[in-house]
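One-letter residues, chain by chain:
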Amino acid sequence: MENDDFKTGGFIQMKKKIALILTTLVALVLVLTGCSSNKNASDTKTKGTLTIGLEGTYAPYSYRENGKLDGFEVEYGKAVAKKLGLKAKFVPTKWDSLIAGLNSKTFDVVINNVAENASRKKAYIFSEPYIYSKSVIITKDGSGINSVDDIKGQKIAAGTGTDNYNHAKHFGATVVPATDFQTGMSMIDQGRVKGAFNSKEAFLTWKKDHKNTDLKYIEIPASKLPISEIAPIYNKKSTKLSKDVTKATKELYKDGTMKKLSVKYFGEDITKK
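Scoring rules and cut-offs
Residues numbered from 1 in each chain as written. Predicted model: local features only at pLDDT ≥ 70, side-chain atom pairs only at ≥ 80, totals over all residues. Heavy atoms only, no water. Buried < 20%, exposed > 50% of the residue type's maximum accessible area, 1.4 Å probe, protein only. Helix = DSSP H or I, 4+ residues; strand = E, 2+ residues; numbered from the N terminus. Pairing = 2+ DSSP bridges. Salt bridge = Lys/Arg side-chain N within 4 Å of Asp/Glu carboxyl O. Polar contact = N/O pair within 3.5 Å; in protein donor to acceptor, adjacent residues only side chain to side chain. Axes fitted to C-alpha atoms, helices over the stretch in contact; angles between N-to-C directions. Parallel < 35°, antiparallel > 145°, perpendicular 65-115°, else oblique. Left-handed = near helix turned anticlockwise from the far one by under 90°. Contact = heavy atoms within 4.5 Å. Nonpolar A, V, L, I, M, F, W, Y, C, P; charged D, E, K, R; others polar. Arc of directions from axis to C-beta.

Caption draft 1: Layout of the pairing of strand β1 (residues 49-54). For β1, the buried fraction is high: six of the six residues fall into the buried class. Examined bridge by bridge, β1 and strand β4 (residues 87-92) share six bridges and lie parallel to one another. Pairing of G53 across the sheet is with V91, part of β4. Both β1 and strand β5 (residues 109-110) contribute to a ladder of two bridges, which runs parallel. Across the sheet, residue G53 finds its bridge partner in β5, namely V110.

Caption draft 2: Structural view of the pattern of salt bridges. For the structure on display, the rule yields twelve salt bridges. Put simply, R120 and D163 hold a salt bridge, and the shortest N to O gap is 3.4 Å. Pair noted here: R120 is in helix α5 (residues 118-123) and D163 is in helix α6 (residues 163-170), with a separation of 43 residues, a long-range link. By relative accessible area, which is 8% here, R120 ends up buried. For D163, a relative accessible area of 13% puts it in the buried group. The shortest N-O distance in the salt bridge between K224 and D149 comes to 3.4 Å. With K224 in the loop between β12 (215-219) and β13 (228-230) and D149 in the loop between β8 (135-140) and β9 (155-158), this residue pair connects regions lying 75 residues apart in the sequence.

Caption draft 3: A look at the side chain of S262. Relative to the helices and strands, S262 is located in helix α10 (residues 257-266). A polar atom in the side chain of S262 sits 2.8 Å from the backbone nitrogen of I270.

Caption draft 4: Region of interest: the packing of helix α2 (residues 72-83) against α10. Between α2 and α10, whose axes approach to 10 Å, the crossing angle comes to 160 degrees. One way to sum up the angle between α2 and α10 is to call them roughly antiparallel. Handedness of the crossing formed by α2 with α10: right-handed. Contacts from F72, E75 and Y76 of α2 reach α10 at M258, L261, S262, K264, Y265 and F266. Considered class by class, the residues forming the contact of α2 with α10 number six nonpolar, one polar and two charged.

Caption draft 5: View of α10. Those residues of α10 not exposed but buried are M258, L261, S262, Y265 and F266. Each buried residue of α10 lies within a common arc of 100 degrees when the element is viewed along its axis, so the set occupies one face. Relative to its buried face, α10 has exposed residues pointing more than 90 degrees away, namely K259, K260 and K264. Turning to α10, the residues buried within the fold contact β2 (63-65), β3 (68-70), α2, β7 (131-133), α8 (200-208) and α9 (239-254). Of the residues one or two after α10, G267 is the one with positive phi, at around 85 degrees.

Here's what the structure looks like:
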């Protein structure tokens, strides 16, 4: 009888051990599942969230409609975050402080019509481009500007620190800082500048809401200025996140989302070279 009690007690202890092992395994599976569903938890400033910096004043890329952020880059940012299993959080910031916010970890990524160039690649990293942008000179008839070569020595509006600013300087213009797109257009109308250096896509979108404008654009040949590759930009430490966003962007190309968004906001597909 005593021996039977011993056997019974041993069996109960064994069942408890098996139950404990199974519980541990289940907990481990749940942890691993949680990690895989949020692949970037360790690579974003806030767990479960992709914090995106943008201006929110540059249609059709990002702008406010009835007080709510909208635009190509807003929808693109949301689509990328969804692919990563994250929630998109947008932080509107003025251009002058935007890219600097990556180093101060104000946000994880900047999606704000930022072109790749040599100087930025030295200090930051980029994901797959999502837009291929053409630069133009915006001006009026009678300005004396008929090609990009004509801006030499002329006052031209462009955003400080932008590629537009650098390009205008490269072609010899006297660059007058413009805080946003509308300011640049107003400066032309007021006669403060002869024109503005900006993207064709931004001007066409602006023109939809300003049908009576007498402003026009002069396209710059690719032989004089290569098409700009626009891509998400990160600080140097966000290598994993940049690769994950590239993967997500490729998936958005494959499922037709990129083309759909481009046609919606620009009237044509500018997400391919």
